[in-house]
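# Architecture at a glance
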Amino acid sequence: MRYFLFFLFFFFNTNFSYCNENSAIVLMYHRFNQNEHPDTNISSATFEKQMKYLKENNFNVLPLSTLIPFFNKKIKLPEKSVFITVDDAYKSVYDYAYPVLKKYNFPFSIFVSTKFVSNDKNSDFMSWKELKSLSDENVEILNHTERHKKLINLEKSEIKEEFVIAEEKIFKNIGKIIKITSYPYGESNLKVEDIVKELNFNLAFSQHSSPIHISHNRLRLARFALNDEYGKLKRFKKIVNTKPLLLENFELLEKKLEIGFLKIKFESSVPSNQISCYINGGANLKKTENGNTSTLKILNLKKQRYRLNCTHISNEKNLFWFGKMIIITNDSIFF
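### Quick notes on the overall build of the protein chain
Along the backbone of the protein chain there are 7 helices and 20 strands. Taking 2.2 N^0.38 as the reference for a compact globule, 335 residues should give roughly 20 Å; the C-alpha atoms of the protein chain span a radius of gyration of 20 Å, in line with that estimate. By principal-axis analysis of the C-alpha atoms, the protein chain measures approximately 60 × 45 × 40 Å. Across the 335 residues in the protein chain, those meeting the buried criterion constitute 55%. Accessible surface computed for the protein chain: about 15400 Å², of which carbon and sulfur atoms make up 46%. Separation of charge centres in the protein chain, based on 49 positive and 36 negative side chains, amounts to 3 Å.

Put into structure tokens, the structure is as follows:
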């Protein structure tokens, strides 16, 4: 089946390896002041510093729905465009993040897994009443599926049901629908994306780190995940000032699923020795350089998701970033 093949769907300009125009930064948060969840939590103090930096440095914080006409090539984004997203609709968003965002008059979006919305005062999640009050303040309430399941493990009918039930509940309780979604755990494949297209979603977000660019796949968009460990102001400043590194002519040279091995080649007008590449999750990456061509040997891949990042620092000390998620299953590697 075609879903069990290896897919490389990169849509890049052919003449540039990095580009200042037609790009933006999308930020992703989850919990606020919930120290018992360090992987997804950020403190109000750190979050306040981040938002203050955006305001004082004249960043254009825009509603996420602005990206729909942008990807339809009907508008251009202003320089220094930033979008703020929050996944899962935890109550701490309402209690701690919203007051900060309201203070700075910043729009933001919440991706809701609708099964978990609750009126229980002891619940970790917001109620529909709270979500509706945010929507009335122009916060965008968006589809994050019904049950927050790993979609790539579901049958097509189940995937469709996840999105349809969530959309029905959002419309019933919020009164409007914006056709943007984010994948639970950031995981998708062509089977999932076929359903997303069938349901007429305009945009879909993953969870790998990269600026977004007009040339990127609109159903596999990147976001920078922020928590207390990776959200300190010094790193935050680098993230929101980063531009996309555009790479060309990706080619799969070799794969051996049984031993977790992958060999990839790509080109760039930036010399290969000026590009650094990394992968997380315990995998090993070896990069060889030949002029403007880079070859990556990735070893020790397990059945999980990985984030591949490549960066370039220009002579002016500007940071350019490329990121992709790699998903390994029993019989496939999916980019």
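### Topic: the side chain of K179
Residue placement: K179 occurs in the loop between α5 (156-174) and β8 (180-182). A polar contact is formed between the side chain of K179 and the side chain of E167, at a distance of 2.7 Å.

### Structural notes on the packing of helix α1 (residues 44-56) against helix α7 (residues 233-240)
Between α1 and α7, the shortest axis-to-axis distance is 10 Å and the interhelical angle comes to 40°. Overall, the two elements α1 and α7 adopt an arrangement that is oblique. Along this stretch, α1 crosses α7, giving a crossing that reads as right-handed. Residue-level contacts link K49, Q50, M51, Y53 and L54 of α1 to L233, F236, K237 and V240 of α7. Residues that form the contact of α1 with α7 fall into these classes: 6 nonpolar, 1 polar and 2 charged.

### Notes on unusual backbone geometry
Positive phi outside glycine occurs at K80, with the angle close to 60°. Along the chain, K80 falls in the loop between α2 (67-71) and β5 (81-87). For K80, a relative accessible area of 33% corresponds to the partly exposed category. At N300, a position not held by glycine, the phi torsion is positive, near 65°. Tracing the sequence through the fold places N300 in the loop between β17 (293-299) and β18 (305-313). Its relative accessible area of 32% is what places N300 among the partly exposed residues.

### Comments concerning the environment of N241
In this fold, N241 is placed in the loop between α7 and β12 (243-244). For N241, a relative accessible area of 38% translates into the label partly exposed. For the pair N241 and N318, spaced 77 residues apart in the sequence, the C-alpha separation amounts to 8.1 Å. Every residue in contact with N241, bar those within four places of it in the chain, is listed here: Y53, F59 and L319. Within the structure, N241 has its side chain in polar contact with the side chain of Y53 (distance 3.1 Å).

### Some remarks on the packing of α1 against helix α3 (residues 91-103)
Relative to each other, α1 and α3 sit at 20°, their axes nearing to 10 Å. Judged on the interaxial angle alone, α3 and α1 are roughly parallel. At the point where α1 passes α3, the crossing takes the right-handed sense. Across the interface between the two elements, S44, F47, E48 and M51 from α1 touch Y96, A97, V100, L101 and K103 from α3. Looking at side-chain class alone, the contact of α1 with α3 contains 6 nonpolar, 1 polar and 2 charged residues.

### Details of the pairing of strand β7 (residues 140-143)
Relative to β7, strand β6 (residues 109-112) runs parallel, the two sharing 4 bridges. Pairing of S109 across the sheet is with E140, part of β7.

### A few points about the environment of N143
Mapped onto the elements, N143 comes out in strand β7. N143 sits 56 residues away from D87 along the chain, and the two C-alpha atoms are 9.8 Å apart. With residues up to four places along the chain from it excluded, the contact list for N143 reads F111, V112, F163, A166, E167, I170, I180, T181, S182 and F201. Reaching out from N143, the side chain makes a polar contact with the backbone nitrogen of T145 at a distance of 2.8 Å.

Quick notes on the rules
- Residues numbered from 1 in each chain as written.
- Predicted model: local features only at pLDDT ≥ 70, side-chain atom pairs only at ≥ 80, totals over all residues.
- Heavy atoms only, no water.
- Helix = DSSP H or I, 4+ residues; strand = E, 2+ residues; numbered from the N terminus.
- Rg over C-alpha atoms; globule rule 2.2 N^0.38 Å.
- Buried < 20%, exposed > 50% of the residue type's maximum accessible area, 1.4 Å probe, protein only.
- Areas by Shrake-Rupley, 256 points an atom, 1.4 Å probe, with all protein chains shown as cover.
- Lys, Arg positive; Asp, Glu negative; His and termini not counted.
- Charge placed at Lys NZ, Arg CZ, Asp CG, Glu CD.
- Polar contact = N/O pair within 3.5 Å; in protein donor to acceptor, adjacent residues only side chain to side chain.
- Axes fitted to C-alpha atoms, helices over the stretch in contact; angles between N-to-C directions.
- Parallel < 35°, antiparallel > 145°, perpendicular 65-115°, else oblique.
- Left-handed = near helix turned anticlockwise from the far one by under 90°.
- Contact = heavy atoms within 4.5 Å.
- Nonpolar A, V, L, I, M, F, W, Y, C, P; charged D, E, K, R; others polar.
- Pairing = 2+ DSSP bridges.

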